[in-house]
Structure formats: C-alpha cells, structure tokens
Amino acid sequence: MTAKSRQTDYDRRGRKKVVLFFPTPAYGHYRIELGLALAVIAAPLEQDYDLHLIDERVTPDYENEVLRHLDDAVCVGISSITGYQIKRGIAMARKVRRRAPDVPIVWGGYHPSLFPEQTCESDACDIVCVGQGDVTFKEIVASLSAGKAPADVKGCAYWTEEKIVVNEPRELVNINDVLPAPYHLLDVNRAIELNQRENHESKRTTEFHSSQGCPGKCGYCADAQLFKRHWTGLDAERVVEEVASLVKTYDLDQVNFSDANFFANQRRVKAICEGLIERKLNITWVASARPDTFHRYKPEVLELIRESGCKRIIVGAESAAEPVLELISKGATAEDHLKSARVCRDYGIGATFTFITGFPHAPGTPPQETTQDLLNFIERLKQIHPDIRTKIFVFTPYPGTPLYDLAVEYGMHEPRSLEEWADYNPATMKVSQWVKPGERAMIEKVNGFYLPFAYPDSGMREKLAHGSKKWPYKLMHGLAKARTKSGFYSLPVEWMLFKKLKKETFEPIA
Ligand code: B12
Ligand code: SF4
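Residues numbered from 1 in each chain as written. Chains lettered and ligands numbered in written order. Predicted model: local features only at pLDDT ≥ 70, side-chain atom pairs only at ≥ 80, totals over all residues.

1. Observations regarding the overall build of the protein
- In terms of helices and strands, the protein carries 20 helices and 15 strands.
- Here the C-alpha radius of gyration of the protein, 24 Å, is about what a compact globule of 510 residues would show, namely 24 Å.
- In the protein, which comprises 510 residues, the share counted as buried stands at 46%.
- Relative to all contacts within the protein whose residues are 6 or more apart in sequence, the contacts with residues 24 or more apart total 78%. (Helix = DSSP H or I, 4+ residues; strand = E, 2+ residues; numbered from the N terminus. Rg over C-alpha atoms; globule rule 2.2 N^0.38 Å. Buried ≥ 20, exposed ≤ 12 C-beta atoms within 10 Å, placed from the backbone. Contact = placed C-beta atoms within 7 Å.)

Laid out in structure tokens, this is it:
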C-alpha cells in the first residue's frame, strides 16, 4: 500500500473506544514483563473512554480482541522497542487496516521515538508519539475526538497526504505528575500464572516502574535519547503505597522494579526500604544497579536493603577489560564489579551480572576482550559469591547511541524503514561482525550450563542437596567443575542432552 492510497480518517468524533496493543517484544522464550507502557498512557483516559488493553502474550484470542472493537475506535495504539516487537506490531497493524482502513494507528515506545518520520512512512502507522506518552497520547486522542489531526499536539509526528509533519518536542514530564498505572486494565493474574506455568516461577511476581531515566552515558544504551540523562524517581511514600496495594490486590510474593537505575538516589532507596519493612509486606524484590554505585552504599542502607527483602540486584557490568569499559563509557571498572560482588556476598544479597561480548572494533584489529576473557572473569565473580548469576549478551547496536554510530562507521548496514527494523533481532540475525562463528554457542554452553553447575547458586545448591534429581545434579556438578577447570569443552554430550530436554538456561536474570 502506498502512502497516497491510505484511507485514514482523523475525524473520530462520536467514538468512545481506545484500543492499545502490546506486541510480543522479543523473539524466543522470555518471562512476561507486564506491558506497563499501555497502562501508563491509558491512565488519564480512564474516565472518558472505553479502554481495551491487549497483550499478544497474555490476552487469549488477542487478534479478535483487537479487531472486534474497531468500529467504534478513536484509534489503535501500538507499543514497540526496536526489533521483533515491530514485526509483531506491523502484523497486527496490517490486520487492523484490512478490517477498518479509516482507524488511525498510533505508534509509541523507544523505537518509534527514535525514528518518527521513518515510522510514519510505513503504511502500518499514521501517528507517532515521540518520547513519553503520558500527556502526549491523551492529547492525540483528544484531538482525534474533536475531529482533527494532532497538529497542535507537542511531541508527535503524523502522516498527511502531502507530507509527514513532525511537531515541536514535548518537554520531559515529571514521573511524580503521572497518574499511578491502572494495573487492573492489564490481565496481571494471567501474566503471573503464565510465568509460573511456563517459566517455572515459584513466586507470584509482577513489575513496578519507580523511576525514569539515568545519569549514566553508556555508549550502547538508548535511555539517554528519551530522558536526556535526567533521572527522576517517584517519591518513596508513593512507591511504598503503590507496591503495598499491588501486593494486596494480586497476592504478590515478589516485585521486580523495572527502572533503568533504581539505586540512583540512596536517600530514596533507604526510605523505600524503611517503608517496605514498616508495612511488613513480606515480599522479595529485585532491581537494577550500576556497578559503581551499589558498593558505595552505606552499610546501614545495605542492611535495610537486605532486611526489606531485596533478593537480587541486576548489575550491568558489560565488560571486565579497561579499554572496553572506556570505549563504552561505562564509568565503572572491573574492580567495581568485584567490589559489588563482595558487598552482595557480605550482605546476603544475590546478584546477576550482565555482560556484552562483541563490541565493535576497527576492521583488521583484534577484539579488546574475547568471550573467553569474559568467561574467566565470570569464574572469578562466582568464586567470590555463590549467589552470582551471569548472562552474556551479544552486542547489538541500538540506534541513537554512540556505539551504533561506530558500528555503522565500521561498515554495519543500517536498516532504512520500519519494515527493515522489524528484522533487527539480536537472537536471530548475524548482526555482529565482531563475534566469531561458534561463539554464541560457546556462550550458551559455558555461561548458561557449565558455570551454573560448577558454581551452584542458592537454587542449584538446594537441588544438589535435596531435590529428587539430587544424584544426576551431583554428577553434573563434578563434570562441570572438571570442564571449567581444564577449559575442555569439546564433545559436550551432557550439554547436548540438556538442550534436548530444556528450553531455558539455568540462570534466569531475576
Ligand atoms: C521491561 C523491559 C523489557 C521487557 C519488555 C520490553 C518492552 N517493550 O517493554 C523484555 C524483557 C522483553 C525486554 C527485552 C529486551 N530489551 Co528491554 N527493557 C525493558 C525496560 C527495563 C522497561 C520498559 C518499561 O516497561 N518501561 C516502563 C514504561 C512505562 O515506559 P516505556 O516503555 O518507555 O513507555 C513510555 C514511552 O515509551 C511511551 N510509549 C510506549 N509505548 C507506547 C505506545 C503508544 C501507543 C504511545 C502513544 C506511547 C508509548 O509512553 C510510555 C509512558 O511514558 C526498558 C528500560 C527502561 N527502564 O525503560 C528496557 C528497554 C526498553 N529494553 C531495551 C532492549 C535493547 C532490550 C533487548 C533488546 C536487550 C537485549 N540485550 O536482549 C531485549 C529484547 C530481546 C531480544 N533479545 O530481542 C532497550 C530498548 C532500546 C530500543 N532501541 O528499543 C531499553 C530502553 C533499555 C535501554 N536502556 O537500552 N525489555
Ligand atoms: S547505567 Fe544502565 S541505564 Fe544508565 S546509561 Fe548505563 S546502561 Fe543505560
């Protein structure tokens, strides 16, 4: 379909429904993290509109759920990060177009925000919400309900027959001015049950977003594009109040904070922990920390963190080689990683360290850190603290970041349309010319299988001591120890058997 032949009608007077769709975000098997973005943008519309929030992973018969509301719809909203989520979003947009060609389709989220014009060029999109959607989406809906294109709405771009119009940007909205996310519009219980059934989670867990932005400037991270390195946190009282209400409503055992940088403000963290303890919520919680922040926390705050139920922190370590840490502007050193591991050990908190291999380097030059170097460092971390998990990602350059520009400079092909971005998936494409063939399999094998057996975390130790499969686990522990000690990973019969039996590695991130 060419742009000219679109039949979109921006005059939506008299319609009362708003349909919001959260496509499956990633190719492969992932735990379901709630599509909180939809709830946040729906919040200010709740009084005046009939809202339908549909999550491809959670809503049964999701396709019909979207299509059956179109006759009376002001618009359909689609959320997306770069990659597979676009693919699923386009697939749904095309179905919407076939059924109701006049209904405007609005895209929002990290990817459309980076490429508003390019996204509008696709026949799968009419309007893009650039950046935060809290206020912008409400105004887009108001404009359409008043019968006009969103010409006066800051922070959006839209398609017209003559051209694509990009309006002036919207200033950052303070997260404390945003209404609480109406979780009841999402099928939280079903998401929890799916995670329990399909991801073998024992706890009833959901997500909470307590801050936005991050002052860091890591060269691979998209956060700065949206939040301009500006961090704002919800007030501690509000966090505790909302978390307490969620725990009660959904009978939760665990809350995962999905903030980019939960620990940015020590005073706020202390107040949140005190609040959680005072309320006797009796939950565990998980959140992300920068490697240079956590070990600098005061001992009394670390005590409170543990006492309030912090089960695990997630540390974006990325590398242990100084030249790489410098290249990616991490602002942390390998020593910071080791210190964080020691602090977690001393205070009885688990930690997941995430690493990235395959950062770009100039053609003809060797990598500054090999996957084997990373695996050696991971072994050091695991020797410090038994409750350390690790995950190695293969570097994928995300648009809008300095390392993306470097990758392009070194010859990476740049996708040129929304449709091309849909295939930009780290799991399926050979995006990286900086990771040698066979290395992905090596990572999966050693980091996802042998290291967890050789250095068992608390969950694995439990299985080794008591579980029904105690003896096979003990045997594997011995074998894995011998493998990691010798570095001999050829003829991995036990690994091949494991791959046949299980779809996941032993160490989920949270
Ligand atoms: C939860 C999460 C996930 C979840 C779900 C993804 C999702 N779409 O939400 C899962 C676990 C699946 C995931 C996976 C990945 N993620 Co992730 N993830 C996050 C995280 C931590 C929180 C997102 C969130 O819920 N925010 C809360 C809501 C309220 O905010 P929001 O989503 O930004 O929505 C606001 C606006 O964007 C806008 N908006 C959003 N949608 C819509 C829709 C409409 C219609 C409108 C009008 C507005 C709108 O309005 C909202 C309110 O202001 C963010 C980091 C962060 N702190 O934001 C990274 C982040 C989104 N992830 C990112 C990445 C790179 C990944 C991975 C590729 C990482 C990897 N190495 O594998 C994988 C993808 C898997 C794969 N291998 O293919 C990047 C995205 C970069 C990009 N260019 O798109 C982020 C920003 C992290 C970062 N700092 O770089 N992730
Ligand atoms: S610390 Fe995390 S969120 Fe902050 S800039 Fe670095 S990667 Fe992004």
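2. Observations concerning the domain arrangement of the protein
- If you check the domain split of the protein, you get domain 1 (3-166) and domain 2 (175-456).
- Each of domain 1 and domain 2 has a C-alpha centre, and these two points are 28 Å apart.
- Taken residue by residue, the interface counts 37 residues in domain 1 and 34 residues in domain 2.
- The set of elements that each furnish at least two residues to the side of domain 1 that touches domain 2 consists of helix H1 (36-42), strand E2 (50-55), helix H3 (84-99), helix H4 (110-114) and helix H5 (116-121). (Domains from an automatic or database assignment.)

3. Re the site of ligand 2
- Looking at ligand 2, the residues that line it are Cys214, Gly216, Lys217, Cys218, Cys221, Asp223, Ala260, Asn261, Arg290 and Gly316.
- Taken together, the residues of the shell around ligand 2 break down into 4 nonpolar, 3 polar and 3 charged. (Near = placed C-beta within 6 Å. Nonpolar A, V, L, I, M, F, W, Y, C, P; charged D, E, K, R; others polar.)

4. Thoughts on the sheet that holds strand E12 (residues 284-289)
- Strand order across the open sheet formed by 6 strands is E8-E11-E12-E13-E14-E15, with parallel pairing between neighbours. Each having just a single partner strand, strand E8 (205-208) and strand E15 (388-394) make up the two edges of the open sheet. On average, adjacent strands in this sheet sit at an angle of 20 degrees to one another, irrespective of strand direction.
- Inspection of the sheet shows strand E13 (residues 310-318) paired to strand E14 (residues 350-357) by 6 bridges, in the parallel sense. Residue pairing in the sheet places glycine 316 in a bridge with threonine 354 of E14.
- Sheet strands touched by helix H9 (residues 236-250): E8 and strand E11 (254-257). Its angle to E8, the strand with the most contacts, is close to 155 degrees. (Pairing = 2+ DSSP bridges. Axes fitted to C-alpha atoms, helices over the stretch in contact; angles between N-to-C directions.)

5. Remarks on the environment of valine 103
- Note that valine 103 resides in the loop between H3 and strand E4 (105-108).
- Taking the C-alpha atoms as reference, valine 103 lies 38 Å from asparagine 261; in sequence the two are 158 residues apart.
- Residue contacts for valine 103: discarding those within four places in its chain leaves Leu70, Ala73, Cys75, Val76 and Val96.

6. Re the packing of H9 against helix H10 (residues 266-278)
- At a closest axis distance of 8 Å, the pairing of H9 and H10 adopts a crossing angle of 35 degrees. The handedness of the crossing between H9 and H10 is right-handed. Here Ala236, Glu237, Val239 and Val240 of H9 lie close against H10, whose contacting residues are Arg268, Ala271, Ile272, Gly275 and Leu276. (Left-handed = near helix turned anticlockwise from the far one by under 90°.)

7. Notes on the nonpolar core
- One finds Tyr220, Ala287, Ile313 and Ile328 to be the most contacted residues of the largest nonpolar core, which totals 82 residues.
- Sort the elements by how many residues they give to this core and helix H17 (residues 439-454) lands first, with 7 residues.
- Counting residues domain by domain, this core receives three or more from each of domain 1 (3-166) and domain 2 (175-456).
- For isoleucine 313, the residues in contact, after removing those within four places along its chain, are Ala287, Ala289, Phe294, Cys344, Ile349 and Ala351. (Core = buried A, V, L, I, M, F, W, Y, C linked by C-beta atoms within 7 Å.)

8. Remarks on the site of ligand 1
- Within the structure, ligand 1 sits among 39 residues, and Ala26, Gly77, Ser79, Gly108 and Gly133 are positioned closest to it.
- Those elements that provide at least two residues to the shell around ligand 1 are H1, strand E3 (73-79), H3, E4 and H4.
- Partitioned by chemical class, the residues of the shell around ligand 1 number 22 nonpolar, 13 polar and 4 charged.
- Three or more residues apiece are contributed to the shell around ligand 1 by two domains, here domain 1 (3-166) and domain 2 (175-456).

9. Quick notes on helix H13 (residues 334-347)
- Over its 14 residues, H13 runs 20 Å from end to end, which matches the ideal 20 Å to within 8%, given 1.5 Å per residue.
- In the stretch just after H13, glycine 348 is the one whose phi turns positive, near 70 degrees. (Expected span 1.5 Å × (residues − 1).)

10. Here we look at the pairing of strand E1 (residues 17-22)
- Counting buried residues in E1 gives 5 out of 6 residues, a clear majority hidden from the surface.
- The pairing of E1 with E2 spans 6 bridges and is parallel. Following the sheet pairing, valine 18 is matched in E2 by leucine 51.
- For the segment spanning E1, H1 and E2, crossover handedness is right-handed.
- Of the strand pairs in this sheet, E1 and E3 are connected by 5 bridges, and their pairing is parallel. Bridge pairing links valine 18 to cysteine 75 in E3. (Right-handed = clockwise from strand over helix to strand, strands pointing away.)

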